[in-house]
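# An overview of the molecular structure
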Amino acid sequence: MLDVTRLRVLVAVARHGSVTAAAHALNYAQPSVSHHIARLEAETGTKLVQRAGRGIRLTDAGRLLAERATEVIGRLDAAENELAVFAGLRAGRLRLAAFPSALGTIVPAAAAILHERHPSVDLRLTEAEPPEAVRMLRAGYVDVALVFRHEAADGGRAGSRDAPSALGKAGMDDDPLPVTEQDDVREQVLLSEAVHLIMPDTAVCGGEPPLAPAVTELWPADLARLAEYRWIAGCDRCREHLLQQCASAGFTPRIAFTTDDFVAAQALVTAGLGVTLLPGLALRAARNPGVRTARLRGTRRCVVAVRYGEPPDPPATAVLLDALRLAAGGGAPSRAEAPSPEAVSVA
């Protein structure tokens, strides 16, 4: 059986890059760190570190073990916290990682609900995009990760103009909210929101409109009408949805600006520097009065709460999930998300 203390030492060496720095971080003497690494190598029968110039570096086996040890230690720390709050939520600590538009909308509302109902629970928030949030969850650094994913909607393939409408009075938020399990994580869909084409509002900014003023909805195939425009996209990891929608319209967008900041993206649009796609939460968090929106049919973005391990959830995590559900589903939809009875499609 591997010794947890020695695994912590290996993780510290991997994180800080040297025995000296790891010793300082752990408040150990340097020979003690070297001793723990040597004992861990003896336990595993594998060389974990090797000399590299005047320092050391992890071997492939060392990197693999350090990565797994990070998850194991994180889960142990999380278990200690869960046990501490198991009875009555006393002095509970909760850690939530969420992406920016959720931190600007759902999360503050949920935090207020949680504080009102359970004032002794200490909620810690971290901004993280979905891949990093899930890594933090697996490593035990957070209890819940809020992530998003894009999916086809309206009863057909995203990008198909002939897909039948599945929208009723309440729009896409009437879809069921499934709980799914994948490997060692469990997911709960909190909401399903529209994606919007963001254009300059010519009534405010002047100039020629990219689409006729009466158009408030369009299908991905209709994006071909904007093929000659410059586009504002997220980073290489975040722009996949935009590229897919434009590809379904038969063109590759001419990306002139890259930003993951939805406030900056709208400011660039109002300056006439391009057009972009944004989800409803981004507009709810901060909407620039100089932009005009048209809902993109055939696609949607789901916001998902992810937890690690087998059910049931610890009591503190359960009340956080309840607060997130209320915050995601409570109140009237914003103007950007609310379906309009006068909506006019490009088709």
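Criteria and cut-off values
- Residues numbered from 1 in each chain as written.
- Predicted model: local features only at pLDDT ≥ 70, side-chain atom pairs only at ≥ 80, totals over all residues.
- Heavy atoms only, no water.
- Helix = DSSP H or I, 4+ residues; strand = E, 2+ residues; numbered from the N terminus.
- Buried < 20%, exposed > 50% of the residue type's maximum accessible area, 1.4 Å probe, protein only.
- Contact = heavy atoms within 4.5 Å.
- Areas by Shrake-Rupley, 256 points an atom, 1.4 Å probe, with all protein chains shown as cover.
- Arc of directions from axis to C-beta.
- pLDDT = per-residue confidence, 0-100.
- Disulfide = S-S within 2.5 Å.
- Axes fitted to C-alpha atoms, helices over the stretch in contact; angles between N-to-C directions.
- Parallel < 35°, antiparallel > 145°, perpendicular 65-115°, else oblique.
- Nonpolar A, V, L, I, M, F, W, Y, C, P; charged D, E, K, R; others polar.
- Salt bridge = Lys/Arg side-chain N within 4 Å of Asp/Glu carboxyl O.
- Polar contact = N/O pair within 3.5 Å; in protein donor to acceptor, adjacent residues only side chain to side chain.

### Let's talk about the overall build of the protein chain
Scanning the protein chain from N- to C-terminus turns up 12 helices and 12 strands. Among the 347 residues that make up the protein chain, the fraction classed as buried is 45%. Sequence separation of 24 or more characterises 72% of the internal contacts of the protein chain that already satisfy a separation of 6 or more. A total accessible area of about 17,000 Å² is found for the protein chain, and carbon and sulfur atoms account for 53% of it.

### Re helix α7 (residues 130-138)
Listed in full, the buried residues belonging to α7 are P130, A133, M136 and L137. With its buried residues spanning 125 degrees around the axis, α7 presents them on a single face.

### What to know about the confidence of the model for the protein chain
When pLDDT is averaged along the protein chain, the result is 81, and 81% of the positions lie at 70 or above. Within the protein chain, strand β11 (residues 276-279) carries the highest mean pLDDT (96), whereas strand β6 (residues 179-182) carries the lowest (48). In the predicted structure, residues 330-345 sits below a pLDDT of 50 and forms 21 contacts with residues beyond four places in sequence or in another chain.

### Details of the state of the cysteines
What the rule picks out here adds up to zero disulfides. Of all cysteine sulfurs in the structure, the one in C238 sits closest to C235, which takes part in no disulfide; the separation is 3.2 Å. Its relative accessible area of 22% is what places C235 among the partly exposed residues.

### Some words on the packing of helix α2 (residues 19-26) against helix α3 (residues 30-44)
With their axes 8 Å apart at the nearest point, α2 and α3 run at an angle of 105 degrees to one another. One element, α2, and the other, α3, form an angle in the roughly perpendicular class. Each of V19, T20 and A23 in α2 lies in contact with α3, whose residues at this interface are Q30, V33 and S34. The class makeup of the residues in the contact of α2 with α3 is three nonpolar, three polar and no charged.

### Describing the pattern of salt bridges
The full count for this structure, using the stated rule, is 15 salt bridges. D313 is the salt-bridge partner of R307, the closest N and O atoms lying 3.2 Å from each other. D313 carries the same exposure label as R307, and that label is buried.

### Comments concerning the environment of L2
Tracing the backbone through its elements, the reader meets L2 in the segment before α1 (4-16). The exposure class of L2 is partly exposed, given its relative accessible area of 34%. On a C-alpha basis, the gap between L2 and T44 in space is 7.9 Å, while along the polypeptide they are 42 residues apart. Those residues in contact with L2 that lie beyond four places of it in its chain are L7, L40, E43, T44 and L65.

### What to know about helix α10 (residues 262-270)
When we look at burial in α10, the residues that qualify are F262, A265, Q266, L268 and V269. Each buried residue of α10 sits inside an arc of 155 degrees when the element is viewed along its axis, so together they form one side. A distance of 2.8 Å separates the backbone nitrogen of V263 from a side-chain oxygen at the start of α10, and that oxygen is part of D261. Once α10 finishes, G272 follows within two positions and takes phi at roughly 75 degrees, a positive value.

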